[in-house]
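So the chains spell out like this:
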Amino acid sequence: MKLTLTILPGDGIGPEVTAEALKALQAIGQRFGHLIETQSALIGGAALDALGIPLPDETIKTCENSDAVLLGAIGGPRWDRNPPALKPESGLLGIRKALGNYANLRPARIFTALKGASTLKPEVIEGVDLLIVRELTGGIYFGKPRGFAGGGATDGNLHDSAHKVIEVKDAVVGFNTEIYSVGEIERIVRMAIELARSRRRRICSVDKANVLESSQLWRHVAARLAATCPDVQFTFMYVDNCAMQLVANPAQFDVIVTSNLFGDILSDEAAMLTGSIGMLPSACVGGRVPLFEPVHGSAPDIAGQNLANPLAAILSVAMMFQYTFHLSEEARTLERAVESVLAEGFRTRDLLSSSVPGITRVSCNEMGDRVVNGIMQS
Ligand code: NAD
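On a predicted model such as this, the values are computed, not experimentally measured, just so you know. (Residues numbered from 1 in each chain as written. Predicted model: local features only at pLDDT ≥ 70, side-chain atom pairs only at ≥ 80, totals over all residues. Heavy atoms only, no water.)

1. Considerations on the domain arrangement of the protein chain
When cut into domains, the protein chain gives domain 1 (1-107 + 276-378) and domain 2 (119-143 + 178-274). The distance between the C-alpha centroids of domain 1 and domain 2 comes to 24 Å. Its largest share of buried area at the contact with domain 2, domain 1 owes to Y102, N104 and R106, together 42% of the area lost on that side. For the interface between domain 1 and domain 2, the tally reads 1 salt bridge. Note that D268 is salt-bridged to R106, the shortest N-O span being 3.2 Å. Applying the counting criterion to the domain 1 and domain 2 interface returns 6 residue pairs in polar contact (both at pLDDT 80 or more). (Domains from an automatic or database assignment. Buried area = accessible area lost by both parts, 1.4 Å probe. Salt bridge = Lys/Arg side-chain N within 4 Å of Asp/Glu carboxyl O. Polar contact = N/O pair within 3.5 Å; in protein donor to acceptor, adjacent residues only side chain to side chain.)

As structure tokens, this is what we get:
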């Protein structure tokens, strides 16, 4: 198979972890006889420094002409004071939008060797293997109206033309709109159903239907689709209960489907079940070109020190093989290589719990090298 990939290393530890993911990617190519061509492009702070904008047109074009995109991370304190349109983060929102990906897949799975790294008791996290399917292009992050308004708007009459939108420093209220259409809900729930069919066939749809109209519509549409899929077991849960259940009994979940805002929060909570944010891959799919990225950010506190855990980026490559190229054996080989490196006791700093015998601390690139060895020897 010939694959053309665009790599967006980004900022902070992004270039470090994508370099290791690329090594693993090429090792899989070599091992299974795939020709993998890669090209790099600028995004985020790196693009701001080079070209003055966080998402150059050239980057969008390069991504659009590839089979998949692998992104490292974006952002950092150097650009924090930039106006919103010139923040690195707007590059990330922009590329997701440009590629049309409306679903964010975030698995959280416990590697046996890391049971002790979670803050939860080993018996609570035993067997956790869940997938959060987060709606990515709708909801409160994009809903209109949004903005700041002056005093007259406190009565909730934001649409009155007398209450013009103003800057934060002059504002008395800030407002956002949570909005979902039937079409947006249907397509994300349908995707969750397809994904559940390749797993344990259980879906928990999470909302706040006891309070929010948008959630009532979400639940109504999800329930209607559930009725057409007797092979998939559906449950419904309020988001506050789900947040609690994720730490009380996380192994009960298979697929969780939810909105942009709830998915953002719940997936970070689920992240901590695994012990480190450095272990969590993700995929943005559903559009023209899928984008794969570790869940973590640019970790400015450890950037440039060869300390980052590259496994989230490497596992993002495994997701790429699984979900986009439908090459399950390649995905499993990568995952097995990660499992065996962890089982042999190698850990980056973020995974070290104090004084465990038989554990060896490794740097970011040593971890990458060990995964490559694992791939080539399997
Ligand atoms: P972060 O994920 O960058 O870091 C949080 C903590 O986790 C830090 O202590 C960091 O050292 C640690 N960490 C993260 N990834 C790690 C890894 N692979 N290995 C070892 N340790 C790791 O989140 P933050 O500090 O809130 O944000 C830093 C910057 O990243 C901000 O500018 C933020 O906007 C940006 N950000 C980007 C993305 C993205 O690119 N998708 C996501 C979240 C945050």
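Resuming the write-up.
2. Re the sheet that holds strand 4 (residues 103-109)
With respect to topology, 10 strands assemble into an open sheet ordered 2-1-3-12-11-4-5-10-8-9, the strand pairing being mixed. Sheet topology places strand 2 (35-40) and strand 9 (233-238) at the edges, where each strand pairs with a single neighbour. Taking each pair of neighbouring strands and ignoring which way they run, the sheet shows an average axis angle of 25°. Packing of helix 6 (residues 182-197) onto the sheet brings it into contact with strand 4, strand 5 (129-135), strand 8 (202-207), strand 9, strand 10 (255-258) and strand 11 (281-285), and relative to strand 5 it is tilted by some 160°. (Pairing = 2+ DSSP bridges. Helix = DSSP H or I, 4+ residues; strand = E, 2+ residues; numbered from the N terminus. Axes fitted to C-alpha atoms, helices over the stretch in contact; angles between N-to-C directions. Contact = heavy atoms within 4.5 Å.)

3. Side note on the site of the ligand
By nearness alone, 21 residues border the ligand, and E89, G297, A299, D301 and N309 come closest of all. Between a nitrogen atom of the ligand and a side-chain N or O atom of E293, the distance comes to 3.4 Å. In this structure, an oxygen atom belonging to the ligand sits 2.7 Å away from a main-chain N or O atom of A299. In the complex, 68% of the free accessible area of the ligand, which totals 810 Å², lies under the protein chains. For the shell around the ligand, the residue count by class is 10 nonpolar, 7 polar and 4 charged. (Near = heavy atom within 4 Å. Areas by Shrake-Rupley, 256 points an atom, 1.4 Å probe, with all protein chains shown as cover. Nonpolar A, V, L, I, M, F, W, Y, C, P; charged D, E, K, R; others polar.)

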